[in-house]
Protein chains: 2
Amino acid sequence: MLRSRPYTRAADLLKLAGLRPTRQRRALARLLFDDENRHVTAEQLHAEARHDGAEVSLATVYNTLHQFTQAGLMREVMVDPGRSYFDTNTSEHHHFYYEDTGRLQDIPEESIALAALPKPPLGTAISRIDIIVRLSETPR
Amino acid sequence: MLRSRPYTRAADLLKLAGLRPTRQRRALARLLFDDENRHVTAEQLHAEARHDGAEVSLATVYNTLHQFTQAGLMREVMVDPGRSYFDTNTSEHHHFYYEDTGRLQDIPEESIALAALPKPPLGTAISRIDIIVRLSETPR
DNA sequence: ATTAATGCAAAATCTTTGCACTTTC
DNA sequence: GAAAGTGCAAAGATTTTGCATTAAT
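Owing to the predicted nature of the structure, the values given are computational and were not obtained by experimental measurement. Counting starts from 1 at the beginning of each chain's written sequence and moves along it residue by residue. Ligands are numbered from 1 and chains lettered from A, in the order in which they are written. Owing to the predicted nature of the model, reporting of local features is limited to residues with pLDDT of at least 70; listing and counting of side-chain atom pairs is limited to 80 or more, with chain, interface and lining totals taken over all residues. Values shown for side chains rest on all heavy atoms present in the structure; no hydrogens or waters enter the calculation.

A. Main features of the sheet that holds strand β5 (residues 103-108) of chain A. The mixed open sheet is built from six strands, whose spatial order is β5(A)-β4(A)-β7(A)-β7(B)-β4(B)-β5(B). Looking along the sheet, the strands with just one partner apiece sit at the ends: β5 of chain A together with β5 (103-108) of chain B. The average angle at which neighbouring strand axes cross in this sheet is 30 degrees, direction not considered. Here strand β4 (residues 93-98) of chain A runs beside strand β7 (residues 124-137) of chain A; their pairing, made up of four bridges, is parallel. Among the inter-strand pairings, Phe96 of chain A is bridged to a residue of β7 of chain A, identified as Val133 of chain A. Pairing between strands requires that DSSP locate at least two bridges from one strand to the other. Runs of H or I in DSSP of at least four residues are treated as helices and runs of E of at least two as strands, each being numbered from the N terminus. Every angle, taken between N-to-C directions, lies between 0 and 180 degrees, and every axis is a line fitted to C-alpha atoms, over only the stretch in contact when it is a helix.

Rendered as structure tokens:
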């Protein structure tokens, strides 16, 4: 007898986010969300997808990263002028940025305690607090 | 009798930084350092300089901003993918970023107390900590 | 004179867009 | 079949570069 379609976490995730589970989105979602949290640039993810045999154009990777971000599945991290990083960890947390290699690494929210946060100016609300701890390699 | 050349803070600043006090650099330095701290993009500063009658090319503005940064007179702030901001305040401090207008505003270092800073991974040292408090306008 | 800085236009990046074609619902 | 998504190549935007000219030491 017929069995239901194989379990596809990627497709389910996409549906929940209100995005059509197209072949390209499923492939990218698998790369991004199947294992642990990831930090990628569009170029990196595109290379990885192609390497995996997924046929996706770079434009679609950009579109998809923005759609995922807008859908709340990812967030954008700004650490490098002229190159956007996207992070699959959407919970409150911060980052180490290895200036030499371009690698990003999460810092759990709790491990940086913010005291005495200034209140936002009138008419505005804090939408997000980004903390980047920039690291350089110590010679020797 | 002959008097010494008029006092030119900009030229002195440049000399101290090891940069030749050319007409363009003096003009930009005056705009940047004469009054209070400033946050500018290359495009903004270029427009401002031209508006002031200074003849400077955009390429030179870019060069100059990077030279000033390398000389320790400014620092670069990353808040917007695809647009670099430069800040004349080089002391330790952080930023409010008004997402709607693109304006940057300093937050004094003391007004954010960092507790429990995680130690940098072996072989690396913290080169800088950037904190961006992103603000959005509250409707109403 | 020597060395460094500038301008310009061209190139390099990264990212977005327009539109015909394809896929999903 | 209607609506949404994709690919491609072209266009945008920002930033960098090469090299002849100009300016500072």
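B. Inspection of the layout of surface pockets at higher detail. Residues and elements named next belong to chain A. Residues are called lining when one of their atoms sits within 4 Å of a cavity or pocket point, these points coming from a 1 Å grid over the protein atoms alone, where a cavity is a set in which a 1.4 Å probe fits but cannot get out and a pocket is an open set with protein on both sides within 12 Å along at least five of seven lines. Grid points are joined across faces, edges and corners, and a volume is the space filled by probe spheres set on the points. If you add up the space inside the largest pocket, you get close to 190 Å³. In this structure, the largest pocket is lined by Thr41, Ala42, Glu43, Gln44, Tyr62, His66, Glu76, Gly82, Arg83, Ser84 and Phe86. Elements represented by at least two residues in the lining of the largest pocket include exactly α3 (42-51), α4 (58-70) and β3 (83-87).

C. Spatial organisation of the side chain of Arg25 of chain A. All names here are of chain A. Mapped onto the elements, Arg25 comes out in helix α2 (residues 23-33). Working definition: with a 1.4 Å probe on protein chains only, accessible area under 20% of the residue-type maximum means buried, over 50% means exposed, and in between means partly exposed. Counted as positive: Lys and Arg. Counted as negative: Asp and Glu. His and the chain ends are not counted at all. Every case where a carboxyl oxygen of Asp or Glu lies within 4 Å of a side-chain nitrogen of Lys or Arg is listed as a salt bridge. Buried charged residue Arg25 carries no salt bridge. Nearest counter-charge: Asp12, at 14 Å. In protein, a polar contact requires one atom able to donate a hydrogen and another able to accept it; more generally it is a pair of N or O atoms within 3.5 Å, and residues adjacent in sequence count only if both atoms are side-chain atoms. A distance of 3.1 Å separates the side chain of Arg25 from the backbone oxygen of Arg20, its partner in a polar contact. There is a polar contact of 3.3 Å between the side chain of Arg25 and the side chain of Gln67. Every residue pair with non-hydrogen atoms within 4.5 Å of one another is taken to be in contact. Other than its neighbours up to four places away in sequence, Arg25 contacts Leu14, Leu19, Arg20, Thr64, Gln67 and Phe68.

D. Spotlight on a nonpolar patch on the surface. All names here are of chain B. Patch membership needs two things, relative accessible area over 30% and no salt bridge, and members are linked within 9 Å if like-charged or within 5 Å if nonpolar (Val, Leu, Ile, Met, Phe, Trp, Tyr). Note on areas: these come from Shrake-Rupley sampling with a 1.4 Å probe, and a residue is covered only by the protein chains present in the view. Residues Leu114, Leu117 and Ile126 make up a contiguous nonpolar surface patch of roughly 200 Å² in combined accessible area. The residue Ile126 is located in strand β7 (residues 124-137) in this model. On the basis of relative accessible area, Ile126 is assigned to the partly exposed category, the value being 33%.

E. Structural detail: the packing of helix α1 (residues 9-16) of chain B against helix α2 (residues 23-33) of chain B. All names here are of chain B. For the pair α1 and α2, interaxial distance at closest approach is 9 Å and the crossing angle is 105 degrees. Compared by their axis directions, α1 and α2 come out roughly perpendicular. The segment α1 lies against α2, with Arg9, Ala10, Ala11, Leu13 and Leu14 engaging Arg25, Arg26, Ala29, Arg30 and Phe33. Taken together, the residues of the contact of α1 with α2 break down into six nonpolar, no polar and four charged. In these notes the angle categories are as follows: under 35 degrees is roughly parallel, over 145 is roughly antiparallel, 65 to 115 is roughly perpendicular, and the rest is oblique. Charged residues are taken to be Asp, Glu, Lys and Arg, nonpolar residues to be Ala, Val, Leu, Ile, Met, Phe, Trp, Tyr, Cys and Pro, and polar residues to be all remaining types, Gly included.

F. Layout of the sheet that holds strand β2 (residues 75-80) of chain B. Residues and elements named next belong to chain B. Read across the sheet, three strands follow the order β1-β3-β2 without closing on themselves; strand pairing throughout is antiparallel. Looking along the sheet, the strands with just one partner apiece sit at the ends: β1 (39-40) and β2. The pairing of β1 with strand β3 (residues 83-87) spans two bridges and is antiparallel. What sits directly across from Val40, in β3, is Phe86. Helix α4 (residues 58-70) contacts β1, β2 and β3 of the sheet and is inclined by roughly 50 degrees relative to β3.

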